[in-house]
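Structural overview for review
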Amino acid sequence: MTDLVTLAELGGPLAVIGGAAYARHAHPAAYWSTVGLPLSVARLLASYSSTMDACGLTVEPSRWRALAVRATTRREVRPVPPRRGMIRPTSTGLRVRLRLAPGQEPADVAASAERLRHAWGVHAVYVRDVKPGVVELRLVGYDVLRKVRMPRRIDRGLLRVPVALREDATAFVRDYRAVPHELVLGATLSGKSMYLRHLISGLAAQPVALAGIDCKRGVELAPFASRLSALATEPDEAAELLPVLVKEMEDRYDLIKARQGIAPGTPEEEITSDVWGLPESERPAPIVLFVDEVAELFLVATRKDEERRDEMVTHLIRLAQLGRAAGIYLEVCGQRFGAELGKGATMLRAQLTGRVCHRVNDEASAKMALGDIAPEAVDAACSIAPELPGLAVVGDTSGGWSRIRTPYLSLADAAATCRESAHLAPDVPALAPFRPYVPPVPAVASGTATVPCPVTE
Ligand SMILES: Nc1ncnc2c1ncn2[C@@H]1O[C@H](COP(=O)(O)OP(=O)(O)O)[C@@H](O)[C@H]1O
Ligand SMILES: [Mg+2]
């Protein structure tokens, strides 16, 4: 009998603990909102001063403060931690602002991020510089990249596409006007096409012309054909499309020159303005060119193809060098992008400012994408697990880097988005001959079409 009572007494709490552990693993967001958040807030409030002290983030109190403490209490005068702002809970973690004491810098707090995360029992702590003297601690409650959910409020705009989630639970926005060209590297099945899929379906709803070169016979880009203004699925077609894009770019430069009242003979490099300076009625639509598997353009089977390859590479380099001002942007995908691809590869890579590196097979590939950003970024890219496709390391324009992961988006959904926004494709006459053939959508299955409608009385 006593055994039964003990079992019943133990069973309840054990079930609660087991349930909490299960919820923490299976539903981390729900766990955070119900259990994790209150626990972490309590820990933070209870141990704030002692934790800051242990992390070496406290300073000697001012003379006035020391005098006041001595006069009013008999306690010894203790060092003071940075002044803390209000704790702001979020669905993925919490935020709190700290006012740095004189002599402290954000890097001091960032250096203790790992210690703070253990002290307060959260998944990670990030430090953001808000304004001089103030930093924001972003505590992330759980691994948000395991099951990606994009934040609800995102700052969108023309040529800005929220494409993935950063590890600090903020959205990673691909902003073509800030970073005109980007290189997306990764081994097969690492998530490159998923990344492109998000970009294409994000841009589909905007007045932007989309062009694609997919030398894998179009298997990746053809599903989006209804929204694409141009699609090349063979190196031969790419060799025809690229000069047309270069010509379009030159025409746009002429347009800008004409607007500025400069003689049409002026060399392009001397023009400082861009299409965005033109009045809206005259401004040509921006064009984003997606190149999936760029190595296919570089590799040649015969000596005869070599000339064509050199021409294509030169055109790509010109687009990368001068395209931004003409509103032409590149998104280049590949498995490797090193000097071994031949003449022009390194030069083209140097023009691609944005770098996204998915899982790679060797360190050399990661170095091709991130080597010039930070050695830690290369290490981070090399340690991406195959179980997490879509996870990538992205180099920031500021020289920093962070881990990101795209949410899952099925090909069918992305293709449907493109079909629905097909009418939004802007008119770029030069690209008209390259407009892909779009097979008519198959009629709705007869089963659903003949569902009997109840007659209302
Ligand atoms: N963010 C993601 N979340 C879940 N699954 C993903 C994600 N990104 C890619 N995948 C899956 O991984 C596989 C490979 O992705 P894909 O984009 O085709 O890789 P790649 O183009 O690099 O070969 C696909 O089955 C895809 O559904
Ligand atoms: Mg792919």
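Below or above, wherever it landed, is the structure these notes cover.

On to helix 6 (residues 192–204). Spanning 13 residues, helix 6 covers 18 Å between terminal C-alpha atoms, matching the ideal 18 Å at 1.5 Å per step. Judged by how many residues are buried, helix 6 sits mostly within the fold: 12 of 13 residues are covered. Among the residues making up helix 6, those that are buried are K192, S193, M194, Y195, L196, R197, H198, L199, I200, S201, L203 and A204.

Turning next to the site of ligand 1. Around ligand 1 there are 14 residues in total, and L189, K192, S193, M194 and T406 lie nearest to it. S193 places a side-chain nitrogen or oxygen 2.6 Å from an oxygen atom of ligand 1. In this structure, a nitrogen atom belonging to ligand 1 sits 2.6 Å away from a main-chain N or O atom of T406. For ligand 1, the protein covers 76% of the area, taking 550 Å² as the surface of the free molecule.

The expected angle between donors at a tetrahedral four-coordinate metal is 109.5 degrees. At an octahedral six-coordinate metal it is 90 or 180 degrees. For the magnesium ion (ligand 2), every protein donor is listed as S193 (OG) and E220 (OE), and the spread of their distances is 2.1 to 2.6 Å. One end of the pair, S193, is in helix 6; the other, E220, is in the loop between strand 8 (209–214) and strand 9 (228–232), with 27 residues separating them in the sequence. For the pair S193 and E220, a shared accessibility class is recorded, and that class is buried.

Checked against the element boundaries, H198 lands in helix 6. Judged by its relative accessible area of 11%, H198 is buried. Aside from chain neighbours lying at most four places away, what touches H198 is V161, V163, T406, P407, Y408 and L409.

This part takes up the sheet that holds strand 3 (residues 124–131). One open sheet accounts for 4 strands, arranged 1-2-4-3; its pairing is antiparallel. What marks the edges here is a single partner per strand, and that holds for strand 1 (83–89) and strand 3. This sheet shows a mean twist of 20° between the axes of neighbouring strands, independent of strand direction.

This part takes up the packing of helix 11 (residues 363–370) against helix 12 (residues 375–382). It is the contact of helix 11 with helix 12, at a shortest axis distance of 9 Å, that shows an interaxial angle of 135°. Judged by the inter-axis angle, helix 11 sits oblique to helix 12. Like other packed secondary-structure pairs, helix 11 and helix 12 cross with a definite hand, here right-handed. Residue-level inspection shows E363, A366, K367 and L370 of helix 11 in contact with helix 12, the latter providing A377, V378, A381 and C382. Residue composition of the contact of helix 11 with helix 12, by class: 6 nonpolar, no polar and 2 charged.

Quick look at the pattern of salt bridges now. Following the criterion strictly, the structure yields 22 salt bridges and no others. Put simply, E136 and R128 hold a salt bridge, and the shortest N to O gap is 3.2 Å. Since its relative accessible area comes to 2%, E136 is described here as buried. Classification of R128 as partly exposed rests on a relative accessible area of 38%. A salt bridge links R217 to E234; its shortest N-O distance comes to 3.0 Å. Residue R217 is found in the loop between strand 8 and strand 9, and its partner E234 is found in the loop between strand 9 and helix 7 (235–260); the two are separated by 17 residues along the sequence.

This brings us to the environment of Q104. Counting through the fold element by element, Q104 comes out in the loop between strand 2 (93–99) and helix 4 (106–111). Residue class for Q104 comes out buried when judged on its relative accessible area of 15%.

Let's shift gears to the environment of S49. Among the secondary structure elements, S49 is positioned in helix 2 (residues 28–54). In this structure S49 comes out as partly exposed when scored by relative accessible area, which is 41%. If we ignore the near neighbours within four places in the chain, the residues touching S49 are T58 and P81.

With respect to the secondary-structure elements, R359 resides in the loop between strand 12 (354–357) and helix 11. For the buried R359, no salt bridge is present, and the opposite-charge side chain at shortest range is E387, 7.7 Å distant. Separated by 3.2 Å, the side chain of R359 and the backbone oxygen of T188 make a polar contact.

Right, let's get into the pairing of strand 1. Here strand 1 pairs with strand 2 via 5 bridges, running antiparallel. What sits directly across from P89, in strand 2, is L94. Between strand 1 and strand 2, which pair antiparallel one after the other, the connecting turn spans 3 residues.

A few words on the sheet that holds strand 12. Taking strand neighbours across the sheet as the criterion, the 10 strands line up as 6-5-14-13-12-7-11-10-8-9 in an open arrangement whose pairing is mixed. Both edges of this open sheet fall to strand 6 (171–175) and strand 9, since each of them pairs with a single strand only. Averaged over all neighbouring strand pairs, the angle between strand axes comes to 25°, with direction disregarded. Here strand 5 (residues 160–166) runs beside strand 14 (residues 401–405); their pairing, made up of 2 bridges, is antiparallel. Note on strand 14: the bridge partner recorded for L165 is R405. Where helix 9 (residues 303–322) meets the sheet, its contacts fall on strand 7 (181–185), strand 10 (287–292) and strand 11 (328–334), and the angle it forms with strand 11 comes to roughly 125°. Helix 11 contacts strand 7, strand 12 and strand 13 (391–395) of the sheet and is inclined by roughly 155° relative to strand 12.

What counts and how
- Sequence order as written defines the numbering, with residues in each chain counted from 1.
- Note on labels: chains are lettered from A, ligands numbered from 1, in written order.
- With the structure being a predicted model, the display of local features is reserved for residues of pLDDT at least 70 and the display and counting of side-chain atom pairs for 80 or more, all residues being used for whole-chain, interface and lining totals.
- Hydrogens and water molecules were not included; the side-chain quantities draw on all heavy atoms of the structure.
- A helix here means a DSSP run of H or I that spans at least four residues, while a strand means a run of E at least two residues long, and both kinds are numbered starting from the N terminus.
- Helix span, expected: 1.5 Å multiplied by one less than the number of residues in the helix.
- Only protein chains enter the area calculation, which uses a 1.4 Å probe; residues under 20% of their type maximum are buried, those over 50% are exposed, and those in between are partly exposed.
- Here, proximity means that at least one heavy atom of the residue falls within 4 Å of the molecule or strand.
- For this analysis, a polar contact is any N or O atom pair within 3.5 Å, provided that within protein one partner can donate a hydrogen and the other can accept it, and provided that sequence-adjacent residues contribute only side-chain to side-chain pairs.
- Only the protein chains shown count as cover for residues, with accessible areas throughout obtained via the Shrake-Rupley method and a probe of 1.4 Å.
- Atoms are scored as donors when they are N, O or S and lie within 2.8 Å of the metal, with 3.2 Å used for Na, K and Ca; no water is included, so coordination may look incomplete.
- Every residue pair with non-hydrogen atoms within 4.5 Å of one another is taken to be in contact.
- Only when DSSP finds a minimum of two bridges between them are two strands counted as paired.
- To get an axis, a line is fitted to the C-alpha atoms, and for a helix only the part in contact is used. The angle between two axes follows their N-to-C directions and goes from 0 to 180 degrees.
- For classification purposes, angles smaller than 35 degrees are called roughly parallel, those larger than 145 roughly antiparallel, those between 65 and 115 roughly perpendicular, and all remaining angles oblique.
- In this scheme the crossing of two helices becomes right-handed for a clockwise turn of the near helix relative to the far one and left-handed for an anticlockwise turn of less than a right angle.
- Gly is placed with the polar residues, together with every amino acid not listed as nonpolar (Ala, Val, Leu, Ile, Met, Phe, Trp, Tyr, Cys and Pro) or charged (Asp, Glu, Lys and Arg).
- Salt bridges are counted wherever a side-chain nitrogen of Lys or Arg sits within 4 Å of a carboxyl oxygen of Asp or Glu.
- In summary, the charge assignment counts Lys and Arg as positive and Asp and Glu as negative, without counting His or the chain termini.

Nothing here speaks to function; it is all geometry.
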